[in-house]
Amino acid sequence: MKKRLYLLFFVLSAVFWLLASAYMWYNHYALKPEGMAHTVEKDIQFKQEAVKKLFHNEKLMKHLWLNQFSEHEFRILEKQGFVLQMYEGAKLVFWNKNDFPVKENRFLPNITTVEEEGNVFLYQSFTSVAYPGKQLNVIIPVYRYYDVANEYLKTGFTASRSLPGSLRISLTKKQGTHEVRAPDQTVLFYLLDNGISEPFKPGLVMLVLICMALIFTVLTIQTTGLYIVRRYTAAWGIVFVSVTIVLARLLVYWFGLPFHLEYLELFSPHVFASNSFLPSFGHIFFHVLCIYWLLSFAIAQKEAFEHIHFNIKRSIFRWLVFVAGVKIVILFCFYLQHLVQAIVFDSDISFDTNTFNATDKFTFLALI
């Protein structure tokens, strides 16, 4: 099994690359107008099914109409993805949550889309002959609007935070709109496509899949190189790893970063940009990692090189080999110095380690 370990790593890397591709394709579709309408529609239908399930709970509904329930029952109502408001006459006597304020209190027996102070929600009223004078309003939030925005308060659709802010709701059908329907296929409202298509930006799940795929890809190359060293010679193993790394780097430069990774801050030219070869901090970071990987792999084959005897009889050739080796080491040191200088002078990364607040995640990565 150890001799064919590279096959196992190859299969695992292929699986994670396929999962990352499938996840990207799914999210790419979700950001198309029809995909965004489908996301909103599924969220609304899920919440409407939750409303039906609640109404089938006769004991809980009886306590709700009476406004007499236990703390456990209240917690159940509080966790629902919709708002319940109980009116007795014109007086509001119960509500299950207050994070989505609604002023509307008319009796509307049919589900209706209501727009109120920037918020958009579905509204439906219910009464019971057993409890005259009472009215239960069910409100399903669709779009939440805030006058101010911060890390916790963000204007947008309740179905998903990934839906762009440029998406708008229309109560009338217009050209370029997409229908959003209820479970009974009743049209609730329309989503307006303003023609601005936002690209898919990788999130946490996508980054985890890519990291796992990269780890198993590196393990595949490493174990394959070691297999070539054992089967043939150390030189062929080093050549294989070198060629693979160079080809991978060239593919990135020719076709660009995969999976829209250029939208990550790590690959932003605002953080670091030196030239077309090193256009971002991410490029120089992985460039240095590849150099370290190749050198580590070559040094690890020291024992294999000790068995190789160079039969150089003429002293002039010995001196040429020695001088060439020294020049390579010196050039490599100058190249590393150039990379360090580029990070310091061509970036917005702070290296003021005396002040803790002046450092950030890029400071830590640059120091590595």
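First things first, this report covers the structure right here in the doc. Because the structure is predicted, anything quoted here is derived from the model rather than measured. (Residues numbered from 1 in each chain as written. Predicted model: local features only at pLDDT ≥ 70, side-chain atom pairs only at ≥ 80, totals over all residues. Heavy atoms only, no water.)

## What about the side chain of Arg-144?
Piece 1. Positionally, Arg-144 belongs in strand β5 (residues 134–144).
Piece 2. Asp-99 provides the closest opposite charge to the buried, salt-bridge-free Arg-144, at an N-O distance of 4.4 Å.
Piece 3. A polar contact is formed between the side chain of Arg-144 and the backbone oxygen of Asp-99, at a distance of 2.7 Å.
Piece 4. If we ignore the near neighbours within four places in the chain, the residues touching Arg-144 are Asp-99, Phe-100, Asn-119, Lys-154, Thr-155, Gly-156 and Thr-158. (Helix = DSSP H or I, 4+ residues; strand = E, 2+ residues; numbered from the N terminus. Buried < 20%, exposed > 50% of the residue type's maximum accessible area, 1.4 Å probe, protein only. Lys, Arg positive; Asp, Glu negative; His and termini not counted. Salt bridge = Lys/Arg side-chain N within 4 Å of Asp/Glu carboxyl O. Polar contact = N/O pair within 3.5 Å; in protein donor to acceptor, adjacent residues only side chain to side chain. Contact = heavy atoms within 4.5 Å.)

## Remarks on the pairing of β5
Piece 1. Most of β5 sits inside the fold, with 11 of its 11 residues counted as buried.
Piece 2. Relative to β5, strand β1 (residues 83–88) runs antiparallel, the two being bridged by 6 bridges. Bridging from a neighbouring strand, Met-86 pairs with Leu-136 of β5.
Piece 3. Note that strand β4 (residues 119–126) and β5 share 7 bridges and pair antiparallel. (Pairing = 2+ DSSP bridges.)

## A few points about the environment of Ile-238
Piece 1. Within the secondary structure layout, Ile-238 lies in helix α6 (residues 234–255).
Piece 2. Along the chain, Ile-238 and Ile-299 lie 61 residues apart, while their C-alpha atoms are 9.9 Å from each other.

## Quick word on the sheet that holds strand β9 (residues 187–192)
In any sheet, the strands associate via hydrogen bonds between backbone groups, in a parallel or an antiparallel arrangement.
Piece 1. Pairing in this open sheet of 3 strands is antiparallel, and the strands run β7-β9-β8 from one edge to the other. For this open sheet the edge positions go to β7 (168–170) and β8 (177–181), each flanked by a neighbour on one side alone. Between one strand axis and the next, the sheet turns through 35° on average, direction left out of account.
Piece 2. When β8 meets β9, the two strands line up antiparallel, connected through 5 bridges. (Axes fitted to C-alpha atoms, helices over the stretch in contact; angles between N-to-C directions.)

## Topic: the pattern of salt bridges
Piece 1. Taken as a whole, this structure holds 6 salt bridges when the rule is applied.
Piece 2. Of the charged contacts in the structure, one is a salt bridge between Glu-78 and Arg-75, with a shortest N-O distance of 2.8 Å. With a gap of 3 residues between them, Glu-78 and Arg-75 both fall in helix α4 (residues 71–78), about one helical turn apart.
Piece 3. When salt bridges with common partners are traced through the structure, they connect Glu-71, Arg-75 and Glu-78 into a single cluster.

## Structural notes on a nonpolar patch on the surface
Piece 1. A surface patch of nonpolar side chains, about 1100 Å² in accessible area, is lined by Tyr-232, Trp-236, Val-239, Val-243, Val-246, Leu-247, Leu-250, Leu-251, Trp-254 and Phe-255.
Piece 2. Looking at where Leu-251 falls in the secondary structure, it is placed in helix α6. (Patch = residues over 30% accessible without salt bridge, like charges linked within 9 Å, V, L, I, M, F, W, Y side chains within 5 Å. Areas by Shrake-Rupley, 256 points an atom, 1.4 Å probe, with all protein chains shown as cover.)

## Thoughts on the environment of Leu-66
Piece 1. By the secondary structure assignment, Leu-66 is in helix α3 (residues 58–66).
Piece 2. Placed 68 residues apart in sequence, Leu-66 and Lys-134 show a C-alpha to C-alpha distance of 9.6 Å.
Piece 3. If near-sequence neighbours (up to four positions away) are discounted, Leu-66 is found in contact with Tyr-131 and Lys-134.

## Focus on the packing of aromatic side chains
Piece 1. Inspection of the entire model under this criterion finds 12 aromatic pairs.
Piece 2. Ring centres of Tyr-6 and Tyr-227 lie 5.1 Å apart, and the angle between their planes is 40°; this geometry places the pair in the tilted category. Pair noted here: Tyr-6 is in helix α1 (residues 5–30) and Tyr-227 is in helix α5 (residues 204–231), with a separation of 221 residues, a long-range link.
Piece 3. Arranged with centres 5.9 Å apart and planes meeting at 5°, the rings of Trp-65 and Tyr-131 form a pair that is stacked. You can see Trp-65 sitting in helix α3 and its partner Tyr-131 sitting in the loop between β4 and β5, a full 66 residues away along the chain. Accessibility assignment for this pair places Trp-65 and Tyr-131 in one class, buried. (Phe/Tyr/Trp six-rings, centres within 6.5 Å; stacked < 30°, edge-to-face > 60°.)

## Brief notes about the nonpolar core
Piece 1. Ranked by size, the top nonpolar core spans 31 residues in total, and within it Val-40 and Phe-189 carry the most contacts.
Piece 2. Counting only elements with at least two residues in this core, the list comes to α2 (33–56), α3, β1, β4, β5 and β9.
Piece 3. Broken down by element, this core gets its largest block of residues, 6 residues, from α2.
Piece 4. Among all residues touching Phe-189, those that are not within four sequence positions of it are Val-40, Ile-44, Thr-113, Leu-122, Val-142, Ile-169, Ser-170, Leu-171, His-178, Glu-179 and Val-180.
Piece 5. Formed by 14 residues, the second largest nonpolar core is a distinct cluster that contains Phe-16, Met-206, Leu-257 and Phe-259. (Core = buried A, V, L, I, M, F, W, Y, C linked by side-chain atoms within 4.5 Å.)

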